[in-house]
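This is what each chain is made of:
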Amino acid sequence: MLIKSIFLDRDGVINKELDYLHKIDMFEFIEGIFDACKYYQSLKYKIIIVTNQSGISRGLYTESDYQKLTQWMLGQFRRNNIKILDIFHCPHSPSARCGCRKPNPGMFFQAEAKHNIDMTKSWMIGDKEADIKAANLAGINNTILVRSGHKIEENNSNAMIILDSIVQSKEIIKT
Ligand SMILES: [Zn+2]
């Protein structure tokens with residue numbers, strides 16, 4: 001049995017974008033994120049987070065800092081009755097030329113293999129064109145670019161849909 005998934009980027013989609021965010025007291029959820037996630041769960045989607053965290057390789061924060069923030073964030077989701085199925089992160093810098101840093105699709109392939117995901121029924125929501133490209137390379141055509149994070153070039157986007165924030169995705173994702 002294959003599952004369908006909503007893939008979420010973290011910074012700019014789940015929380016307000018801050019360069020190299022790694023402190024809990026700097027982390028601010030995007031308004032409506034929990035409602036949106038509850039809605040996806042009601043449609044039987046499993047939520048997976050895929051996030052580039054090159055700050056680790058750049059020495060700006062440690063893997064342990066990242067894990068601490070992640071555990072806290074997952075706790076906040078749990079308190080709101082939201083289960084995050086899995087979270088994948090790429091710690092590498094662009095110069096490492098790894099396969100997992102978006103726009104490469106490595107994290108999506110890891111998720112697909114681990115959780116038996118039907119990519120054709122899944123969605124990606126990101127705030128960068130790299131999120132859209134990575135998803136497309138992994139066979140996800142349902143893509144949403146949001147304006148709540150990095151500045152986006154709407155005319156040069158391959159995203160299927162562009163929205164102000166994840167809140168409006170409830171109007172798009174219906175089944
Ligand atoms: Zn990587």
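Residues numbered from 1 in each chain as written. Predicted model: local features only at pLDDT ≥ 70, side-chain atom pairs only at ≥ 80, totals over all residues. Heavy atoms only, no water.

Novice: Would you take a moment to explain the overall build of the protein chain for this structure?
Specialist: Counting its regular elements, the protein chain contains 4 helices and 6 strands. Listed by position from the N terminus, the elements making up the protein chain come as β-α-β-α-β-α-β-α-β-β. Here the C-alpha atoms of the protein chain give a radius of gyration of 15 Å, agreeing with the 16 Å that 2.2 N^0.38 yields for 175 residues. The dimensions of the protein chain, computed from C-alpha atoms along their principal axes, are 40 × 35 × 35 Å. A buried classification covers 51% of the 175 residues belonging to the protein chain. For the protein chain, the accessible area works out to roughly 8700 Å², and carbon and sulfur atoms hold 49% of it. Of the side-chain charges in the protein chain, 23 are positive and 20 negative, and the distance between the mean point of each set is 5 Å. (Helix = DSSP H or I, 4+ residues; strand = E, 2+ residues; numbered from the N terminus. Rg over C-alpha atoms; globule rule 2.2 N^0.38 Å. Buried < 20%, exposed > 50% of the residue type's maximum accessible area, 1.4 Å probe, protein only. Areas by Shrake-Rupley, 256 points an atom, 1.4 Å probe, with all protein chains shown as cover. Lys, Arg positive; Asp, Glu negative; His and termini not counted. Charge placed at Lys NZ, Arg CZ, Asp CG, Glu CD.)

Novice: Honestly, the coordination of the zinc ion in this entry has me stumped. Any pointers?
Specialist: In an ideal tetrahedron of four donors about a metal, each angle is 109.5 degrees. In an ideal octahedron of six donors, the angles are 90 or 180 degrees. Cys 90 (SG), His 92 (ND1), Cys 98 (SG) and Cys 100 (SG) make up the full set of protein donors to the zinc ion, lying at 2.0 to 2.2 Å. Classification of the site at the zinc ion rests on its 4 donor atoms, whose angles at the metal span 102 to 118 degrees, yielding the label tetrahedral. One chain supplies every donor for the zinc ion, spaced along it as C-x1-H-x5-C-x1-C. Look at Cys 98 and you get buried, because its relative accessible area is 15%. (Donors = N, O, S within 2.8 Å, 3.2 Å for Na, K, Ca; no water. Tetrahedral: all angles 85-135°; square planar, octahedral: opposite > 155°, others 65-115°.)

Novice: Would you explain the pairing of strand β4 (residues 123-126) in this entry?
Specialist: Across the two faces of β4 the burial is the same, with Trp 123 and Ile 125 and Met 124 and Gly 126 all buried. Taken together, the 3 bridges between strand β1 (residues 5-8) and β4 define a ladder with parallel strand orientation. For Phe 7, the partnering residue across the bridge sits in β4 and is Met 124. In terms of strand pairing, β4 meets strand β5 (residues 142-146) through 4 bridges, oriented parallel. When the sheet's bridge partners are listed, Gly 126 is paired in β5 with Leu 145. (Pairing = 2+ DSSP bridges.)

Novice: Sorry, what's going on with the sheet that holds β4 here?
Specialist: Strand pairs in the sheet, formed through backbone hydrogen bonds, run parallel or antiparallel to each other. Read from one edge to the other, the open sheet built from 6 strands follows the order β3-β2-β1-β4-β5-β6, with strand pairing classed as parallel. Sheet topology places β3 (84-90) and β6 (161-163) at the edges, where each strand pairs with a single neighbour. Looking at each pair of strands side by side, their axes are set apart by 20 degrees on average, direction ignored. Across 3 bridges, β5 lies against β6 in parallel orientation. Looking at the pairing, Val 146 lines up with Leu 163 of β6. Sitting on the sheet, helix α3 (residues 106-115) touches β1, β2 (46-52), β3 and β4, and the angle it makes with β3 is about 145 degrees. Taken strand by strand, helix α4 (residues 129-137) contacts β4 and β5, and its axis lies near 175 degrees from that of β5. (Axes fitted to C-alpha atoms, helices over the stretch in contact; angles between N-to-C directions. Contact = heavy atoms within 4.5 Å.)

No statement about biological role is implied by the geometric values presented.
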